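Tertiary structure, described
Now for the letters of each chain:
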Amino acid sequence: MSTHPIPDFTAPKRVLLAAPRGYCAGVERAIEIVEVALATHGAPVYVRKQIVHNLHVVRRLEAKGAIFVDELDEVPAGSTVVFSAHGVAPEVHRQASARDLKVIDATCPLVTKVHQEARKFAGKGYDVVLIGHEGHEEVIGTMGEAPRTIHLVGDEREAEQVAVADPEKVAYLTQTTLSVDETRGVIDVLRERFPVLAGPRSDDICYATQNRQVAVKQLAAECQLILVIGAENSSNSKRLVEVARSHGCQSHLIPEASALDPAWFEGVETVAVTSGASAPEWLVDELVEALRQRGASDVREVEVVPEDVHFSLPRGLRQDAAAAGVEIAG
């Protein structure tokens, strides 16, 4: 649990818990990859960047022997390194090979799909417009697949200005953790400019991002405040706050219960709680318990979308774990 004190306040009587919330299949897989790698290969296991965007997760894995680094030159030659769930550019794989590192790739399969689409369109001579946020690790990795032909746009204005070589050979892709609503307008602008615009066979925005946003939209009509547990660098968590506010509901992103502001609860009769796809459930439990202790008496879960998705671990890691006698859950 958190070591920081939780402020005193008077909680509303009614609390709604969004379902689904919290870990998505890609995050569960990435965390399990690090844990199985530690059990199989022993500590230390190095991890490039945060395995998922949540400092609580990082700290718990560090306690088990994981060492997080920003770049591969911090990893001793010949060591085991895990690539984060957000994916990396091909150049990072080349760097790892040059340093004789044993790579375990924890890239979310849905991000891998976007990388494959980028390579496919670039290979066919298309300019690729990537809808995403500059500097986000997922975006950096995707752009690295075809840096000369991928153009990043973050909003409708940038979509109106993007320059391409051939207006009849343009495709679009999206960062997986964006809001459905914010990409729709950008895609509409691109379709107006490039009537034969190509795109992925299915929506790139991940199922978990969509499901959590759908839940927030429904709950926004039933409460006056939505608390989103998640890290400041978690794109999908920040989108949940934006979705709630766009539907007329007060909303705040908090890393844990200790970050609550008592002023938020003034005039609030019902509060909803959700969490981003990289936030552990124990943070939700801690927040709900704090609300109960401060007056909440009606706490119930509202399931908006059923969710049952699981991604298997990389084959190589499963084989290594089996050889070492390490059991894998599920």
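Residues numbered from 1 in each chain as written. Predicted model: local features only at pLDDT ≥ 70, side-chain atom pairs only at ≥ 80, totals over all residues. Heavy atoms only, no water.

1. Some words on the pattern of salt bridges
Stated precisely, the cut-off is as follows: The working definition used for a salt bridge is a side-chain nitrogen of Lys or Arg within 4 Å of a carboxyl oxygen of Asp or Glu. Segments assigned H or I by DSSP are reported as helices when at least four residues long, segments assigned E as strands when at least two residues long, and all are numbered from the N terminus.
Counting across every chain of the model gives 19 salt bridges. Between glutamate 117 and lysine 113 there is a salt bridge, and its shortest N-O distance comes to 2.9 Å. One end of the pair, glutamate 117, and the other, lysine 113, are both in helix α4 (residues 109-123), four residues apart, so they sit about a helical turn from each other. In this structure, the salt-bridge partner of aspartate 204 is lysine 113, at a minimum N-O distance of 2.8 Å. You can see aspartate 204 sitting in the loop between α7 (180-193) and α8 (207-220) and its partner lysine 113 sitting in helix α4, a full 91 residues away along the chain. A network of salt bridges, in which partner residues are shared, links Arg21, Glu281 and Glu301.

2. Brief notes about the packing of aromatic side chains
Filter applied, for reference: A pair of aromatic rings is counted whenever rings of Phe, Tyr or Trp (Trp by its six-membered ring) have centres within 6.5 Å, and the orientation is called stacked for planes under 30 degrees apart, edge-to-face for over 60 and tilted otherwise. Exposure is judged per residue with a 1.4 Å probe applied to protein chains only, and the accessible area is read against the type maximum: over 50% gives exposed, under 20% gives buried, and values in between give partly exposed. Charge-over-ring placement is defined geometrically: NZ (Lys) or CZ (Arg) within 6 Å of the ring centre, and within 35 degrees of the ring normal.
Applying the stated rule across the entire model yields two aromatic pairs. Taking 4.5 Å as the distance between ring centres and 5 degrees as the angle between the ring planes, the aromatic pair formed by phenylalanine 9 and phenylalanine 265 counts as stacked. Highlighted residues: phenylalanine 9 in the segment before β1 (14-19) and phenylalanine 265 in the loop between β10 (250-254) and β11 (270-275), separated in sequence by 256 residues. Each of the two residues, phenylalanine 9 as well as phenylalanine 265, counts as buried. Across the ring face of phenylalanine 121, the terminal group of lysine 120 is positioned such that the distance to the ring centre comes to 4.5 Å.

3. Description of unusual backbone geometry
For the bond running from alanine 19 to proline 20, omega is 10 degrees, close enough to zero to count as cis. Of note, proline 20 is situated in the loop between β1 and α1 (25-41). The residue after alanine 43, namely proline 44, is reached through a cis peptide bond having omega 0 degrees. Structurally, proline 44 is set in the loop between α1 and β2 (45-48). A positive phi is found at lysine 49, a non-glycine position, where the angle reads about 65 degrees. With respect to the helices and strands, the residue lysine 49 is situated in the loop between β2 and α2 (55-63). The residue aspartate 100 is not glycine, and still its phi comes out positive at about 55 degrees.

4. Some thoughts on the pairing of strand β3 (residues 66-69)
We count it as follows: DSSP bridges decide pairing: two strands pair if at least two such bridges lie between them. Consider the strands pointing away from the viewer: the crossover is right-handed when the path from the first strand over the helix to the second runs clockwise.
Two strands pair when backbone bridges link them, and β2 and β3 are joined in this way by four bridges, in the parallel orientation. Pairing of tyrosine 46 across the sheet is with isoleucine 67, part of β3. Crossover β2 to β3 through α2 is right-handed.

5. Digging into helix α10 (residues 281-293)
Filter applied, for reference: Helix span, expected: 1.5 Å multiplied by one less than the number of residues in the helix. The criterion used for residue contact is that any of the two residues' heavy atoms lie within 4.5 Å.
Spanning 13 residues, α10 covers 19 Å between terminal C-alpha atoms, matching the ideal 18 Å at 1.5 Å per step. Taken together, the buried positions of α10 are occupied by Trp282, Leu283, Val284, Glu286, Leu287, Val288, Ala290 and Leu291. Buried residues belonging to α10 abut β1, α2, β9 (225-229), β10, β11 and β12 (298-303).

6. What about the environment of isoleucine 229?
One can find isoleucine 229 in strand β9. The class for isoleucine 229 is buried, based on a relative accessible area of 0%. For isoleucine 229 and glycine 199, which are 30 residues apart along the polypeptide, the C-alpha to C-alpha distance reads 33 Å. Filtering out sequence-adjacent residues up to four positions away, isoleucine 229 remains in contact with Ser237, Leu253, Ile254, Pro255, Thr274, Ser275, Gly276, Ala279, Leu283, Val284 and Leu287.

7. Some details on α8
Under the 1.5 Å per step criterion, the end-to-end length of α8 is 20 Å for 14 residues, consistent within 8% with the ideal 20 Å. By the criterion of burial, α8 is predominantly enclosed, with 10 of the 14 residues buried. Of the positions making up α8, those classed as buried are Tyr207, Ala208, Thr209, Asn211, Arg212, Gln213, Ala215, Val216, Leu219 and Ala220.

8. Concerning the side chain of aspartate 127
Heads up, the rule is: Neither His nor the chain ends is counted toward charge; the positive residues are Lys and Arg and the negative residues Asp and Glu. We call two N or O atoms a polar contact when they sit within 3.5 Å, provided that within protein one can donate a hydrogen and the other can accept it, with sequence-adjacent residues counted only if both atoms are side-chain atoms.
With respect to the helices, strands and loops of the structure, aspartate 127 is situated in strand β6 (residues 127-131). It is lysine 169 that comes nearest to the buried, bridge-free aspartate 127 among opposite-charge side chains, at 9.1 Å. Within polar-contact distance, the side chain of aspartate 127 engages the backbone nitrogen of alanine 165 at 3.0 Å. With residues near it in sequence (within four places) discarded, aspartate 127 still touches Thr149, His151, Val164, Ala165, Asp166, Lys169, Val170 and Ala171.

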